[in-house]
Amino acid sequence: MPSALFVLVLLAALCSLGCAMSQEEKHKLRTQVVEMFDHAYQNYMDHAYPADELMPLTCRGRVRGLEPSRGDVDDALGKFSLTLIDTLDTLVLLNKTTEFEAAVRRVLADVRLDNDIVVSVFETNIRVLGGLLGGHSMAVMLKEEGQHMQWYQDELLHMAKDLGFRLLPAFNTSSGLPYPRVNLKYGVRGPETRTGTETDTCTACAGTIILEFAALSRFSGDPIFEAHARRALDFLWEKRQRNSNLVGTTINIHSGEWVRRDSGVGAGIDSYYEYLLKAYVLLGDDQFLQRFNIHYASIMKYISQPPLLLDVHIHKPLLPARTWMDSLLAFFPGLQVLKGDIRPAIETHEMLYQVTKKHNFLPEAFTTDFRVHWAQHPLRPEFAESTYFLYKATGDPYYLEAGRTILDNLNRFARVPCGFAAMKDVRTGSHEDRMDSFFLAEMFKYLFLLFADVEDLPFDVEDYVFTTEAHLLPLSLSTVALSLSSVPSNRTIPQTEEELDDSNFDWTCPNTRLLFPDPAFPRNLREPIRSVVDKSCPRPAPYREPGMGAPPLRAQDFMANNPEHLELLKRMGVSLIHLKDGRVQLVQHATQAVSPIAAEDGIRFMQEMMELSSQQQKEQLPPRAIQIVSHPFFGRVVLTAGPAQFGTDLSKSSTGVRGFVTVAEPYTGCSEITNSEYVRGHIALLQRGQCMFAEKARHIQKAGAIGGVVVDDNEGSSSDTAPLFQMAGDGRSTEDITLPLLFLFHKEGNILLEALKEYREVEVLLSDKARDRATIIKGKALPGSLIEGSADVVHEAEKGCQTEATTPTSFAPVSQSQPNTAESDKSEAVSSQESPDTSPARDVNPTASSDPVKDEPEKKVAPKNDADSNSQSVDEMLADWREDLEAFRQMEKDEL
């Protein structure tokens, strides 16, 4: 019995490292992928074709010009049956050769490329030109096998060449960088083109041409396409920042000046790096690999903070450009696999997987503490792409389970009767009426390949390279010789000896069996990252030799305005960054610590900060309400506000604090109030910044104010997109502060300021929750009369006599980190150790929420009476909130 028990324990331990998925289970998942593809593809053909895309909620096709414009997103639509062309090679990969043959006949019979329409050069290249070339590759392969496509005479290639010539006018610039848009019928010059006036393009837009254009040249024998693509790449390479070897996000196509100088691996740059490496794979030109390796070294030096990938400034690469990441960077672990750098690929992929499990899908953008920044998810395939490549490289069945998660979430949350609908908000589960062509072109390719065995594939995928749209181009193209002298090159500056030194580069991919002899190794990389996302990673205190003394700084003692503390942080390799939005970010690089012991102290400090943040969240106070009670609002407008950790506790007040609002002078409240005669007996309105919250409170209290409201100075901030927080003290005793102080984000503060502009006297009620409007009109706010978002209230609101306000169920307190020049609303700590002996990134932010649906507070405002129509500017602001009301109602339904 003990031996049997030992065997069971051993088996459990081995399975925790990753049990192999049975062939039966893989077959079941593979079949499920095909069924899901059929559901999406058939609904497109039944309800949308020949339109470019399917609108899955309304079961009809999206035709540009007939539907409301979505801005730049619509530039991918050219009235050329985009989804069908984008799906051609997917049909072959999924063993649907009969459907493929029928689809090719449809394309040849129905699709026109000479439409008078302005399209994106980038999107048309990767989706349509790439789709035609991928379809041509498949048709040639099937014809050579002798069973299908025997009638095919390179018709798709002729269409691709026609389209290539229609895109070429966009490259008629002095730099060789293409215009971002082109008219398929008229080019870029002349009034009839309705384009050609743009001056800027994104780096990826100009640098993601070479694969399709080179393939077109080598398939057709015309070198002009590859020559133009190479010229554009040469220009981008020459314009890289020479010290950091990074490129910006947006560039002027005429002067070559960087318009946006932030640099990352996500939106705007992503596929530029991808195409440098894949151009080497497809074409065999060492120059592309040399350039990629130089860029990659800088990416890993400046942008990579495993598992995070954070944008930096190209001229100051140690300065972060933002504190959030976009979902397009999810392709990067897959590219790292192709490069052969497996360890950071595992780490970043694990971070993305945990974010996916937290929110069901990757939000379009998410913060360094893994909260939602942009809530949309248009069914992007990049995470599935990286999952496939990591499984291909490691054989780790863990990635099969990640693929299962993707499948399950698509079926549970995105599947609708007419296809799959993009997510409008991953927190509420609301849908958007779109199913982009890349969903069929990429998602089902990578998921099918993930669960497929060699015998399930109609051809050897090792003979092809995937474009950024997952179209298949044969590696045999590298053997086709071309003369590229027809287009002048942009390479005017010779490469340095360092760039040409082969010893700087890896020319082959490493053998992963040699990298990972221990099957537990990948798991050991993943576990700490999973703990970071879950905010539940215990860390024992580091061993300290006798005589080394106690750790120099504890998180609970840290004050960001204490110079001694900042010096101690520096010694531990921890740097403090004051962000533009007022937050404080802590970043640790273990290699920058003065000693290994100091590095361990830094790691423990970051962990303590994480635990402190978690504890503060448990002790958090509910948000407060600022209710405008004077004419013509009468309690109808309720603003959700953040409390302070000092002053009057409004939750213990039965009536709250009611008074007229007066703007303090100076507006920052950082010195003695000069208009005290107006502030006395009133609620003072202040602007955030330049001093601590507690200092503002003391100044208005001295002037005789009965309360205070601090408005965020970060333009555009809103509780719609950012969590509330508690205003912290200044490190000293705040028992002397007896008035209530509340915080409003910029959007909510503007509503109060607009009301002051239009109505000289604005009276508000500061309380722990919104009060019943009827009692406010009578001049007495009854305790406990919280306006609930119930059906009864909605019914009353329709009569114009009731308002509803909601209080969020979670919000974040500030940590004890406070800068010495401005208030700190919250602290982030990111540990991104570069040492292989330390755990990967730790991200600590008191604003993190474990519930993605309730991460951010919502506001509701009831419809106005006609009598209130004279307040037009305020009413316009309030109208913006009606959409929030509907979204919250939908969220409540989803939760029920």
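Small disclaimer: the values here were computed from a predicted structure and weren't measured.

Parameters at a glance
- Every residue gets a number counted from 1 within its own chain, in the order that chain's sequence is written.
- Per-residue local features of the predicted model are confined to residues with pLDDT of at least 70, and side-chain atom pairs are confined, for both listing and counting, to 80 or more; whole-chain, interface and lining totals are unaffected and use all residues.
- Each side-chain value is worked out from all heavy atoms of the structure, with water and hydrogens disregarded.
- Only DSSP runs of H or I with at least four residues qualify as helices, and only runs of E with at least two residues qualify as strands; both kinds are numbered from the N terminus onward.
- Throughout, a contact is declared for two residues whenever any of their heavy atoms are within 4.5 Å.
- Computed by Shrake-Rupley with a 1.4 Å probe, the accessible areas treat only the displayed protein chains as cover when residues are assessed.
- When two cysteine sulfur atoms are found within 2.5 Å, that pair is recorded as a disulfide.
- The buried label goes to any residue with under 20% of its type's maximum accessible area, the exposed label to any with over 50%, and the partly exposed label to all in between, with areas taken from a 1.4 Å probe on protein chains only.
- Geometry of aromatic contacts follows a simple scheme: Phe, Tyr and Trp rings, the Trp one being its six-membered ring, pair when their centres are within 6.5 Å, and the pair is stacked under 30 degrees between planes, edge-to-face over 60, tilted otherwise.
- Here, a charge over a ring is recorded when the distance from Lys NZ or Arg CZ to the ring centre is within 6 Å and its angle to the ring normal is within 35 degrees.
- Two strands qualify as a pair provided that DSSP identifies no fewer than 2 bridges between them.
- Think of it like this: strands point away, you trace from the first strand over the helix to the second, and a clockwise trace means the crossover is right-handed.
- Axes, fitted as lines to C-alpha atoms, cover a helix only where it is in contact. Angles between the N-to-C directions of the axes lie from 0 to 180 degrees.
- Throughout this description, any angle smaller than 35 degrees is read as roughly parallel, any larger than 145 degrees as roughly antiparallel, any in the 65 to 115 degree range as roughly perpendicular, and the remainder as oblique.
- Two helices crossing with the near one rotated counterclockwise from the far one by less than a right angle form a left-handed crossing, whereas a clockwise rotation gives a right-handed crossing.
- Salt bridges are identified by distance alone: a Lys or Arg side-chain nitrogen within 4 Å of an Asp or Glu carboxyl oxygen.
- Working definition of a nonpolar core: buried Ala, Val, Leu, Ile, Met, Phe, Trp, Tyr and Cys residues. They are joined through side-chain atoms within 4.5 Å.

> Whenever I open this one, the overall build of the protein chain confuses me. Can you help?
Each helix and strand in the protein chain was counted, giving 27 helices and 31 strands. Nonlocal contacts in the protein chain, meaning residues at least 24 apart in sequence, comprise 72% of its contacts between residues at least 6 apart. Of the roughly 34700 Å² that the protein chain leaves accessible, carbon and sulfur atoms contribute 51%.

> Help me out: how do you make sense of the state of the cysteines in this one?
By definition, a disulfide links the sulfur atoms of two cysteine residues through a covalent bond. Enumeration according to the criterion identifies three disulfides in this entry. One disulfide bridge connects cysteine 59 with cysteine 418, the sulfur atoms lying 1.9 Å from each other. On the sign convention where negative is left-handed, the bridge of cysteine 59 and cysteine 418, at about 100° about the S-S bond, is right-handed. Taken together, the residues cysteine 59 in the loop between β1 (53-55) and β2 (60-62) and cysteine 418 in the loop between β15 (415-416) and β16 (419-420) connect sequence positions 359 residues apart. Classification of cysteine 418 by relative accessible area gives buried; the value is 7%. Two residues share a disulfide in this structure: cysteine 202 and cysteine 205, whose sulfurs sit 2.0 Å from each other.

> Explain the packing of aromatic side chains to me, please; I cannot follow it from the model alone.
How two aromatic rings sit relative to each other is set out by the distance from centre to centre and by the angle between their planes. The tally for this structure, following the rule as stated, stands at 27 aromatic pairs. With 5.6 Å between their ring centres and 90° between their planes, tyrosine 398 and tyrosine 399 make a pair best called edge-to-face. Taking relative accessible area as the criterion, tyrosine 399 reaches 0% and is therefore assigned buried. In textbook terms, an aromatic cluster arises when at least three aromatic residues are bridged by ring pairs, as seen for Phe37, Tyr41, Phe420, Phe439 and Phe444. Across from the ring centre of tryptophan 151, 4.0 Å away, lies the NZ or CZ of arginine 105, which sits over that ring. One cation-aromatic arrangement involves arginine 322 over tryptophan 324; the distance from NZ or CZ to the ring centre is 3.8 Å.

> Any chance you could explain the pairing of strand β27 (residues 707-711) here in plain terms?
For a regular strand, side-chain orientation follows a simple rule: the groups alternate between the two sheet faces. Along β27, five of the five residues are buried, which leaves the element largely enclosed by surrounding structure. Covered by surrounding structure in β27 are Gly707, Val709 and Val711 together with Gly708 and Val710, the residues of both alternating faces. Pairing geometry for strand β26 (residues 683-687) and β27, over five bridges, is parallel. Within the sheet, the bridge partner assigned to leucine 685 lies in β27 and is valine 709. With helix α23 (residues 693-702) bridging β26 and its parallel neighbour β27, the resulting β-α-β unit is right-handed.

> Sorry if this is basic, but what is going on with the environment of alanine 232 here?
Summarising the element assignment, alanine 232 is placed in helix α9 (residues 224-238). On the basis of relative accessibility, which here comes to 0%, the residue alanine 232 falls in the buried class. Along the backbone, alanine 232 and alanine 206 are 26 residues apart, and their C-alpha atoms lie at a distance of 6.5 Å. Setting aside its immediate chain neighbours within four residues, alanine 232 contacts Gly176, Leu177, Pro178 and Ala206.

> What exactly am I supposed to notice about the pairing of strand β23 (residues 624-628) here?
Across the five residues of β23, five count as buried, placing the element largely inside the fold. Where β23 meets strand β29 (residues 763-767), four bridges bridge the pair, whose relative direction is antiparallel. From the neighbouring strand, isoleucine 626 faces β29, where its bridge partner is leucine 766.

> Honestly, the sheet that holds strand β25 (residues 657-663) in this entry has me stumped. Any pointers?
Paired through backbone hydrogen bonds, the strands of a sheet run either parallel or antiparallel to each other. Taken together, seven strands build an open sheet; the order of strands is β24-β23-β29-β25-β26-β27-β28 and the sheet is mixed. Two strands lie at the open edges of the sheet, namely β24 (637-641) and β28 (741-744), each paired on one side alone. Going across the sheet, the axis of each strand differs from the next one's by a mean of 30°, ignoring polarity. Where β27 meets β28, four bridges bridge the pair, whose relative direction is parallel. For glycine 708, the partnering residue across the bridge sits in β28 and is leucine 741.

> Looking at this structure, I do not really get the packing of helix α6 (residues 155-167) against helix α8 (residues 210-220). What am I missing?
Geometrically, a packed helix pair is captured by the angle between its two axes and the distance between the axes. In contact at an axis separation of 10 Å, α6 and α8 are set at 130° when each is read in the N-to-C sense. As the angle between them shows, α6 and α8 are arranged oblique. The two elements α6 and α8 meet at a crossing, and its hand is left-handed. Where α6 abuts α8, its residues Leu157, Ala160, Lys161, Gly164 and Leu167 lie against Phe213, Leu216, Phe219 and Ser220.

> How should I be thinking about the environment of proline 528 in this particular structure?
Relative to the elements of secondary structure, proline 528 occurs in helix α19 (residues 521-534). Taking the C-alpha atoms as reference points, proline 528 and methionine 351, 177 residues apart in sequence, are found 9.8 Å from one another.

> Just to check I follow, could you spell out the pattern of salt bridges for this structure?
Between side chains of opposite charge, a pair can form when the charged atoms approach closely. Taken as a whole, this structure holds 42 salt bridges when the rule is applied. Arginine 404 serves as the salt-bridge partner of glutamate 25, at 2.6 Å between the closest nitrogen and oxygen. Remark: arginine 404 occurs in helix α15 (residues 398-414) and glutamate 25 occurs in helix α2 (residues 23-47); sequence separation between them is 379 residues. Take glutamate 25: its relative accessible area is 22%, and that puts it in the partly exposed class. Between lysine 278 and glutamate 274 there is a salt bridge, and its shortest N-O distance comes to 2.7 Å. With lysine 278 and glutamate 274 both in helix α10 (residues 270-283), this residue pair falls four residues apart, about one helical turn. The buried category is assigned to lysine 278, whose relative accessible area is 5%. Within this structure, Glu53, Arg70, Asp74, Glu123 and Arg127 form a network of salt bridges that share partners.

> What is the right way to look at the packing of helix α3 (residues 82-93) against helix α16 (residues 437-451) in this model?
Following both chains from N to C, one finds α3 and α16 inclined at 15°, their axes separated by 7 Å at the closest point. When the axis of α3 is compared with that of α16, the two are roughly parallel. Judged by the sense of rotation from one axis to the other, the crossing of α3 with α16 is left-handed. Of the residues in α16, those in contact with Leu82, Thr83, Asp86, Thr87, Asp89, Thr90 and Leu93 of α3 are Ser437, Phe438, Leu440, Ala441, Lys445, Phe448 and Leu449.

> Explain the sheet that holds strand β13 (residues 365-367) to me, please; I cannot follow it from the model alone.
In spatial order, the strands read β12-β13-β14; together these three strands make up an open sheet with antiparallel pairing. Single-partner strands in this sheet number two, and they are β12 (324-326) and β14 (372-374). When strand polarity is set aside, the average angle formed by the axes of neighbouring strands in this sheet is 30°. Pairing analysis gives three bridges linking β12 to β13, with the strands arranged antiparallel. Within the sheet, the bridge partner assigned to aspartate 326 lies in β13 and is alanine 365.

> Explain the nonpolar core to me, please; I cannot follow it from the model alone.
In a soluble, globular protein the nonpolar side chains are often hidden away together inside. If you look at the biggest cluster of nonpolar residues, it comprises 171 residues, and the most contacted ones within it are Phe100, Ile210, Tyr273, Leu410 and Phe420. Here the element with the most residues in this core is helix α5 (residues 121-145); it accounts for eleven residues.

> Can you help me understand unusual backbone geometry in this one?
Note: most residues except glycine have negative phi, and most peptide bonds are trans. For the peptide bond that leads from histidine 631 to proline 632, omega is 5°, which places it in the cis range. Positionally, proline 632 belongs in the loop between β23 and β24. Even without a glycine there, the phi angle at asparagine 360 is positive, about 75°. One can find asparagine 360 in the loop between α13 (342-359) and β13.

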